[in-house]
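# Examination of the molecular architecture
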Amino acid sequence: MKITVHSSKAVKPDYAAVGVDTPGTTSDVVPLTVFDKANFDTYISVIYAFRPPAPSNAVLEAGLAKALVEYREWAGRLGVDGDGNRAILLNDAGARFVEATADVTLDSVMPLKPTPQVLSLHPSGDDGTVEELMLIQVTRFACGSLVVGFTTQHIVADGRATNNFFLAWSQATRGAAFDPVPVHDRVSFFTPRDTPKIEFEHRGVEFKPSDQVDSDGDGAERAGDDEDEVVINKVHLSREFITKLKAQASSGAHRPYSTLQCVVAHLWRCMTKARGLDVHESTSVSIAVDGRARMSPPVPDGYTGNVVLWARPTATAGDLVTKPLKHAVELINREVNRINDGYFKSFVDFANSGVVEKERLVASADPAEMVLSPNIEVDSWLRIPFYDLDFGGGKPFFFMPSYLPVEGLLILLPSFFGDGSVDAYVPLFSRDMDVFKNCCYSFDQDQTIISSA
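Under Sequence similarities (unreviewed entry), UniProt gives the following word-for-word description of the chain: "Belongs to the plant acyltransferase family."

A tally of helices and strands in the chain yields 11 helices and 20 strands. What you see for the chain is a C-alpha radius of gyration of 22 Å, in line with the 22 Å of a compact globule of 453 residues. Over its C-alpha atoms, taken along the principal directions, the chain stretches across nearly 65 × 60 × 45 Å. By the burial criterion, 52% of the 453 residues in the chain qualify as buried. On the chain, roughly 19,300 Å² of surface is accessible, and the fraction owed to carbon and sulfur atoms is 50%. If you average the places of the 42 positive and of the 60 negative side-chain charges in the chain, the two averages end up 5 Å apart.

In terms of nonpolar packing, the biggest core is built from 69 residues, with Phe 150 and Trp 169 touching the most fellow members. Counting only domains with at least three residues in this core, you end up with domain 1 (3-174) and domain 2 (229-441). Apart from the residues lying within four places of it in its own chain, the contact partners of Trp 169 are Leu 60, Gly 63, Leu 64, Ala 67, Phe 97, Ile 136, Val 148, Phe 150 and Phe 391.

Before going further, it helps to spend a moment on the sheet that holds strand β2 (residues 29-31). Here 3 strands make up an open sheet; going across it, the order is β2-β5-β4 and the pairing antiparallel. Edge positions in the sheet fall to β2 and β4 (77-80), since each of these pairs with one other strand and no more. Strand-to-strand twist across the sheet, computed as the mean angle between neighbouring axes with direction ignored, equals 40 degrees.

Glancing now at the pairing of strand β15 (residues 376-380). Sheet topology note: the strand β11 (residues 282-290)/β15 ladder contains 3 bridges and is parallel. Across the sheet, the residue bridging to Ile 287 is Val 378, located in β15. Here β15 runs beside strand β17 (residues 409-414); their pairing, made up of 4 bridges, is parallel. Directly across from Ser 380, in β17, lies its bridge partner Leu 412.

The next thing to look at is the sheet that holds strand β8 (residues 146-153). In spatial order, the strands read β1-β6-β7-β8-β3-β16; together these 6 strands make up an open sheet with mixed pairing. Either end of the sheet is taken by a strand with one partner, and the two such strands are β1 (3-11) and β16 (398-401). In this sheet, adjacent strand axes meet at a mean angle of 15 degrees when their direction is disregarded. Of the strand pairs in this sheet, β1 and strand β6 (residues 95-102) are connected by 8 bridges, and their pairing is antiparallel.

To continue, consider the confidence of the model for the chain. Across the chain, pLDDT averages 92, with 94% of residues at or above 70. Across residues 215-224, confidence stays below pLDDT 50; counting only partners more than four residues off in sequence or on other chains, it has 12 contacts. Segment residues 445-453: pLDDT under 50, and 25 contacts once partners within four positions in sequence are set aside and those in other chains are kept.

Our focus in this paragraph is the packing of helix α6 (residues 259-275) against helix α8 (residues 325-338). At their nearest, the axes of α6 and α8 sit 9 Å apart, and the two run at 125 degrees to each other. The angle between α6 and α8 falls in the class oblique. Crossing geometry of α6 relative to α8 is assigned as right-handed. Where α6 abuts α8, its residues Gln 261, Cys 262, Val 264, Ala 265, His 266, Trp 268 and Arg 269 lie against Leu 325, Ala 328, Val 329, Ile 332, Asn 333 and Val 336.

Under the domain assignment, the chain is made up of domain 1 (3-174) and domain 2 (229-441). Computed over C-alpha atoms only, the centres of domain 1 and domain 2 are separated by 25 Å. Between domain 1 and domain 2, the residue contacts involve 51 residues of the former and 45 residues of the latter. On the domain 1 side of the contact with domain 2, Phe 35, Pro 114 and Arg 160 bury the most area, a combined 19% of that side's loss. At the surface where domain 1 touches domain 2, the tally comes to 2 salt bridges. As a salt-bridge pair, Arg 292 and Asp 158 come within 2.9 Å of each other at their nearest N and O atoms. Elements supplying a minimum of two residues to the side of domain 1 that touches domain 2: α1 (34-37), β3 (43-50), β8 and α3 (159-173). Looking at the side of domain 1 that touches domain 2, the element that brings in the most residues is α3, giving 10 residues. Its residues assigned to classes, the side of domain 1 that touches domain 2 comprises 30 nonpolar, 12 polar and 9 charged.

Calculation criteria
Residues numbered from 1 in each chain as written. Predicted model: local features only at pLDDT ≥ 70, side-chain atom pairs only at ≥ 80, totals over all residues. Heavy atoms only, no water. UniProt positions renumbered as here; feature names shortened; annotations may be inferred. Helix = DSSP H or I, 4+ residues; strand = E, 2+ residues; numbered from the N terminus. Rg over C-alpha atoms; globule rule 2.2 N^0.38 Å. Buried < 20%, exposed > 50% of the residue type's maximum accessible area, 1.4 Å probe, protein only. Areas by Shrake-Rupley, 256 points an atom, 1.4 Å probe, with all protein chains shown as cover. Lys, Arg positive; Asp, Glu negative; His and termini not counted. Charge placed at Lys NZ, Arg CZ, Asp CG, Glu CD. Core = buried A, V, L, I, M, F, W, Y, C linked by side-chain atoms within 4.5 Å. Domains from an automatic or database assignment. Contact = heavy atoms within 4.5 Å. Pairing = 2+ DSSP bridges. Axes fitted to C-alpha atoms, helices over the stretch in contact; angles between N-to-C directions. pLDDT = per-residue confidence, 0-100. Parallel < 35°, antiparallel > 145°, perpendicular 65-115°, else oblique. Left-handed = near helix turned anticlockwise from the far one by under 90°. Buried area = accessible area lost by both parts, 1.4 Å probe. Salt bridge = Lys/Arg side-chain N within 4 Å of Asp/Glu carboxyl O. Nonpolar A, V, L, I, M, F, W, Y, C, P; charged D, E, K, R; others polar.

In structure tokens form, the structure reads like this:
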């Protein structure tokens, strides 16, 4: 598959196209919230594939310019406000729009695999010189199929908010109203309480001392052979498999555990076994928790920034793989439930208390960590409606994250079959992958060990 780039340009908000006045100033700023600052300061890329017919590049570009009128954040740049605080500058500098073609039919390379080859299907945000917060590449294949690759700055928005912009672009392209209605206010939702109430520990959780940056890489030492590469295995868990998994995990429970919790528990155990950790070693799984519905009052679905904190259930490797699946699910359920309205508000109070600045704390979410062992991080996209994207030629038939070889970074998304099945992207060292593959489709035997049969 040879990808040829034909053009690359900045697309700016087109105010005239939507019949609104140009903003009075392009010096406005949007302050980053405590949730934005606690998130990963890095670029994330995803890839969509569409069957023909697809709108022309000119039509897609015009729709993008219209959507950026409402979503000015994505046409802006990162900078600082008048007080020296990091902020999004609403300067209308534009989003990057790249036009490319492929020399093959899309079917000849489908299904796309999580390998370095897919990096050619979206712009890169990794070279350190990228200023744009949103970069898009549209690639036309010889068969007329279209692949759209997005690269976005995570500190601007979480997965749900970023997908809302993708939907808005598609809606603007076909002349539909924005749904959900965007909410850009990043100030009023997360103000600290008059009497701060810090009920939970946030040091060592969302924040860590600045001198620990780049020194947490215990996993790098475990890598051993420098030549042992990280490979990503895509695991398809069918609806039938998940049903059995949930039945086993929920036996005797008041109500069934969620698909997310059961799948994470299963894969956490399999990845731990595959890594061959010492039975006494502690392992945790970091699960992103969306605060929109958990906070009171709730944050609107159309909120355009980050509203995510993390649950971190922890166990010894021995307990995790020798005790039943239900044990792991109960650990996860308890910790996820703990990240409630009180926890979110405690975080807001702590982050605004001045302690972060006084103690020179930084976000624990560290994009420089490339090896997470003995721990796991989970990005669940199961409830994000990726397959609702429609530029006028129909919804995508395929969606995937880009190649991101971070050992232990587990990404979950709904399968494009739309039948309740789940696709999991599992990055491990190649030496560990055979053991993982042998157990990822197996169930507990005698409720004691993970079977590799």
